[in-house]
Amino acid sequence: MLVGDNFRFGNRAAGDANTLVELGRKYEFEVEITGTIAWRNQIISSSEIRRLIEAGDVARACRMLGRPYTLEGAVVRGEGVGSKQPCPR
């Protein structure tokens, strides 16, 4: 697994990256911890990417990801108002 140095998980975010390293040793999986990455003086995190997407700022989320945002799932017929928009770089 690759996680950031500010990674948290579990009940009330009690686990951190070092906890995950210990679990990796116990359950035989590898963990690599990476430093904080920023874009235009803003820390890139999965929480920030989700916030941008929920706010409708998919273009900025794409720039932070360094690739187009993708979503998988079944297409359900609707009213036909959706469109396919490329992610600007």
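Residues numbered from 1 in each chain as written. Predicted model: local features only at pLDDT ≥ 70, side-chain atom pairs only at ≥ 80, totals over all residues. Heavy atoms only, no water.

### Let's talk about the overall build of the chain
Moving on, step 1. For the chain, the helix and strand inventory stands at three helices and six strands.
Moving on, step 2. Counting helices and strands in the order they occur from the N terminus, the chain gives β-β-β-α-β-β-β-α-α.
Moving on, step 3. Each of the 89 residues in the chain was classed as buried or not, and the buried ones make up 13%.
Moving on, step 4. Once local pairs closer than 6 in sequence are excluded, the contacts in the chain between residues at least 24 apart make up 33%. (Helix = DSSP H or I, 4+ residues; strand = E, 2+ residues; numbered from the N terminus. Buried < 20%, exposed > 50% of the residue type's maximum accessible area, 1.4 Å probe, protein only. Contact = heavy atoms within 4.5 Å.)

### Some details on the environment of Val31
Moving on, step 1. One can find Val31 in the loop between α1 (17-27) and β4 (32-34).
Moving on, step 2. Sequence separation between Val31 and Asn18 is 13 residues, and the spatial gap between their C-alpha atoms is 9.2 Å.
Moving on, step 3. Dropping the residues within four chain positions of it, Val31 is found in contact with Met1, Val3, Leu20 and Val21.

### Focus: the packing of aromatic side chains
Moving on, step 1. Enumeration according to the criterion identifies one aromatic pair in this entry.
Moving on, step 2. Consider the rings of Phe7 and Phe9, whose centres lie 5.6 Å apart with planes at 25 degrees: the pair is stacked.
Moving on, step 3. The partly exposed category is assigned to Phe7, whose relative accessible area is 25%. (Phe/Tyr/Trp six-rings, centres within 6.5 Å; stacked < 30°, edge-to-face > 60°.)

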